[in-house]
Amino acid sequence: MDKYTAVRPGLGRRSFLLGSAGALAMGGLLAGCGTDGGPAAPDGPPRPGGRLRSVIAGRSASADVLDPHEAGSSAGGAVSKNVWDKLVAYNNDLTLRYRLAESLEPNADGSQWRITLRRGVVFSDGSSLTARDVLWSFERMLDPAKKSSGDLANIDMSRTRADGDLGVLVTMKTPLADFGSVLAGWYCYIVKDGTGTIDGSSLPVGTGPFALARWSPGDRTLLRRNDRYWDGRPLLDEVEIIQIAETEARVNAFLSGEADVVHEISYLQARTLERDPGTTVVVPPAGLMGAFQMRVDTPPFDDVRVRQAMRLAVNRQAMVDSVYYGYAELGNDVYGKGAPFYHDGLPQRTYDPRRARELLREAGKENLTVTLPTADGSPGMLDSATLFAEHAKAAGIDIRLESVPADTYFSQVSGKAALSHIGWWNYSLDYFYGQTMTSASPSNGTGWRRPGWDAKFAEARAAMDPQRRRALYRELQEELWNEGGYILHSFAKRPDAAKNHVRGVRNGVPGTDDWANYATTWLAT
């Protein structure tokens, strides 16, 4: 198969399977809670009832997690956002909208914020949402053993307190100009006061559109409508979230009738399904990072010249055309295209194998051999790894691909191997850097530890003047562009697909509140 061409001459294995199966800015906080629609206009008014079956990328039974403050997989995130809710949430353009919070108000320098909760919100067991639930959730998220600990690390809980039943005064360790973008992060769900271990041994309660009915780790989760949901009664009776780690197998389950909706399909699969009259392909308006990560603290990538050579050894346009079939834009080695303060003035890095060879010669690393563990863990992973290995040959780099299990790739390989895949979803720079780029970040998969960079990031987070924040974020991105560990080649729009009898599917960008959120979904038949 010629991976340098966008039009492929024959049916690959994936084509055959498809064919044979039937072929804040703070002002943004005031935005409403409406969403963009998915599949075609309904025939008549929305109908209540029925069970939606959704198939989505998951983890093995041993790696799967139910706790919303720890669940990092796609399936775990889908369960979390349908059972629990956040104080604020991201729109597709990474502006913010209020959810459980009615307002967020900073003092003059961002050292303290007041959260005012929405009145009348109750958990699925009928108990009212209060400031005590928020304080408990914050304490729980800040447990160093939980992945959520990085999200709220700037909060000083010793000086944070309730201000009445519906108010919380949050004091920061250092000033924070955009608390909302942090509260919209992946793990920042509000759980009920007193909630202990969340492992399925008992059924937790939440304020989301559905309530947990059954959880089978690594397999499937059953949700039932929460009739007490504060944001409008959901139409579906039940949602079954089915976990399948491999991309091909997910689509085959969808085509065979096992599921009504499939998330995270490959780009070739999306192009093929566009021709199926019984299916609607749902394409989000913005793309996710498609990237490899090099650990800058591990040979040979501890030499910046090697990192620069690796970045010059990938043909980004070929990635967009051949891996993502046009559902992508060029990446430029820094995260956050389309996000507030993204540095779109950086020179576009291009494919330059000759210069890559020169850099490796200077570093004493000619004829470099490196290993890239890969898996069919998310759309485009295998194809991008294969194509990168082909591109790198012209630079004298031998990238040896090592196949590993898909269901444990992101828990056991990504960020631990010297070179690996990384695929963060869309968040503000503030949230992403806090999770991944500081010396103390819990998900620092490149080993990037620069005290000077940390200090400048802290200054940027505290800058109440938007122009000053923009300037500082540009400087942070320039340093990462020159010396960082990401080979961010593409921003790929991740397609989903739904049978035409499924209506009200949101075309949310993964990472936002709308992706895999079934609060507005209904079945026409």
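Summarised in this report is the structure supplied together with it. Once a new chain begins, its residue numbering starts again from 1 and follows that chain's sequence as written. pLDDT decides what is reported in this predicted model: residues at 70 or higher carry local features, side-chain atom pairs at 80 or more are listed and counted, and totals for whole chains, interfaces and linings draw on all residues regardless. Derived side-chain values reflect all non-hydrogen atoms in the structure, with water molecules and hydrogen atoms excluded from consideration.

**Some points on the nonpolar core**
Joining through side-chain atoms within 4.5 Å is the link that ties buried Ala, Val, Leu, Ile, Met, Phe, Trp, Tyr and Cys residues into a set, and such a set is a nonpolar core. The rule is simple: take the accessible area with a 1.4 Å probe, protein chains only, and divide by the maximum for that residue type; under 20% is buried, over 50% is exposed, in between is partly exposed. Of all hydrophobic cores here, the largest spans 99 residues; its most connected members are L87, I115, F138, F179, L183, M289 and Y433. If sequence neighbours within four positions are ignored, L87 has contacts with Y98, R99, L100, A101, I115, L117, V134, F138, L183 and I190. Residues I244, L312, M319 and A385 belong to the second largest nonpolar core, which totals 50 residues. Every residue pair with non-hydrogen atoms within 4.5 Å of one another is taken to be in contact.

**Structural notes on the packing of helix 12 (residues 429–436) against helix 14 (residues 466–483)**
Helix 14 packs onto helix 12 with a crossing angle of 45° between their chain directions and a minimal axis gap of 12 Å. Viewed along their axes, helix 12 and helix 14 adopt a mutual orientation that is oblique. The handedness of the crossing between helix 12 and helix 14 is left-handed. Touching L429, D430 and Y433 of helix 12 are R469, Y473, Q477 and L480, all from helix 14. By residue class, the composition of the contact of helix 12 with helix 14 is four nonpolar, one polar and two charged. An axis is simply a line fitted to the C-alpha atoms; with a helix, the fit covers only the stretch in contact. Between two such axes, the angle follows the N-to-C directions and lies from 0 to 180 degrees. A run of H or I in DSSP becomes a helix once it reaches four residues, and a run of E becomes a strand once it reaches two; helices and strands are each numbered from the N terminus. Angle categories are assigned with fixed cut-offs, so that under 35 degrees is roughly parallel, over 145 is roughly antiparallel, 65 to 115 is roughly perpendicular, and the rest are oblique. Left-handed describes a crossing whose near helix is turned anticlockwise from the far helix by less than a right angle; the clockwise case is right-handed. Residues are grouped as follows: Ala, Val, Leu, Ile, Met, Phe, Trp, Tyr, Cys and Pro are nonpolar; Asp, Glu, Lys and Arg are charged; every other residue, Gly included, is polar.

**A few points about the packing of aromatic side chains**
Describing an aromatic ring pair means giving the distance of the ring centres and the angle of the ring planes. Ring pairs shown here join Phe, Tyr and Trp side chains whose ring centres sit within 6.5 Å, with only the six-membered ring taken for Trp; geometry is labelled stacked below 30 degrees between planes, edge-to-face above 60, and tilted in between. Per the stated rule, a full pass over the model turns up 22 aromatic pairs. Their ring planes at 40° and their centres at 6.1 Å tell us that Y267 and Y327 sit as a pair that is tilted. Of this pair, Y267 sits in helix 6 (residues 267–273) while Y327 sits in the loop between helix 8 (316–323) and strand 16 (328–330), and the two are 60 residues apart along the sequence. Across the pair, Y327 and Y267 agree in class, each one buried.

**Quick word on the sheet that holds strand 21 (residues 496–499)**
Pairing between two strands requires that DSSP report at least two bridges joining them. Judged by pairing direction, the sheet is mixed, and its seven strands sit side by side in the order 10-11-12-1-13-21-14 without closing on themselves. In this open sheet, the two strands that pair with only one neighbour each are strand 10 (210–216) and strand 14 (279–282). Bridge analysis of strand 1 (residues 51–56) against strand 13 (residues 261–262) gives two bridges, and the strand direction is parallel. Directly across from V55, in strand 13, lies its bridge partner V262.

**A word on the pattern of salt bridges**
Proximity of charged atoms lets side chains of opposite charge pair with each other. Salt bridge criterion: a side-chain nitrogen from Lys or Arg within 4 Å of a carboxyl oxygen from Asp or Glu. Counted under the stated rule, the structure contains 38 salt bridges. Its salt-bridge partner being R225, residue D227 comes within 2.7 Å of it at the nearest N-O pair. Among the salt bridges present, the one from D333 reaches R316, with a minimum N-O distance of 2.9 Å. One end of the pair, D333, is in the loop between strand 16 and helix 9 (353–362); the other, R316, is in helix 8, with 17 residues separating them in the sequence.

**Let's talk about the side chain of T221**
Position of T221 among the secondary structure elements: in strand 11 (residues 220–225). Other than its neighbours up to four places away in sequence, T221 contacts V79, L212, R214, W215, V239, E240 and I241.

**A short note on the environment of L288**
Residue placement: L288 occurs in strand 15 (residues 288–294). When its relative accessible area of 2% is taken as the criterion, L288 is described as buried.

**Some points on the packing of helix 8 against helix 10 (residues 381–393)**
The N-to-C vectors of helix 8 and helix 10 enclose an angle of 145°; their axes lie 10 Å apart at closest approach. Our pair here, helix 8 against helix 10, has a crossing hand that is right-handed. Contact with helix 8, carried on its side by A318, M319, S322 and V323, involves D383, S384, L387, F388 and H391 of helix 10 and no other residues of that element. For the contact of helix 8 with helix 10, a count of residues per class yields five nonpolar, three polar and one charged.

**Topic: the environment of N500**
If you trace the backbone, N500 turns up in the loop between strand 21 and strand 22 (502–503). For the pair N500 and Q243, spaced 257 residues apart in sequence, the C-alpha separation works out to 22 Å. Pairs of N or O atoms within 3.5 Å make up the polar contacts considered here, provided that, within protein, one atom can donate a hydrogen while the other can accept it, and that residues adjacent in sequence are counted only when both atoms are side-chain atoms. At 2.7 Å, the side chain of N500 forms a polar contact with the side chain of T280.

**Examining the sheet that holds strand 6 (residues 112–117)**
Pairing within the open sheet is antiparallel, and its four strands lie in the order 5-6-8-7. Whereas interior strands pair on both sides, the edge strands pair on one side only; in this sheet they are strand 5 (101–106) and strand 7 (161–162). Sheet topology note: the strand 6/strand 8 (residues 167–171) ladder contains five bridges and is antiparallel. Each residue of the ladder has a partner; that of W113, found in strand 8, is V170. Packing against the sheet, helix 3 (residues 131–141) makes contact with strand 6, strand 7 and strand 8, and its axis sits at approximately 30° to strand 8.

**Overview of the pairing of strand 12 (residues 238–243)**
Most of strand 12 is tucked away, with six of its six residues classed as buried. By the alternation rule, side chains of strand 12 split into E238, E240 and I242 and V239, I241 and Q243, which are all buried. Relative to strand 12, strand 1 runs parallel, the two sharing six bridges. Each residue of the ladder has a partner; that of I56, found in strand 12, is Q243. Here strand 11 pairs with strand 12 via five bridges, running antiparallel. Looking at the pairing, R220 lines up with I242 of strand 12.

**Re the pairing of strand 15**
Where burial is concerned, most of strand 15 is hidden: seven out of the seven residues are buried. Strand direction decides the pairing type here: strand 15 and strand 20 (residues 486–492), joined by six bridges, are antiparallel. Bridging from a neighbouring strand, Q293 pairs with Y486 of strand 20. Pairing between strand 15 and strand 19 (residues 419–422): four bridges, direction antiparallel. Opposite M294, over in strand 19, you have L419 as the bridge partner.

Spatial relationships are all this shows, so hold off on functional conclusions.
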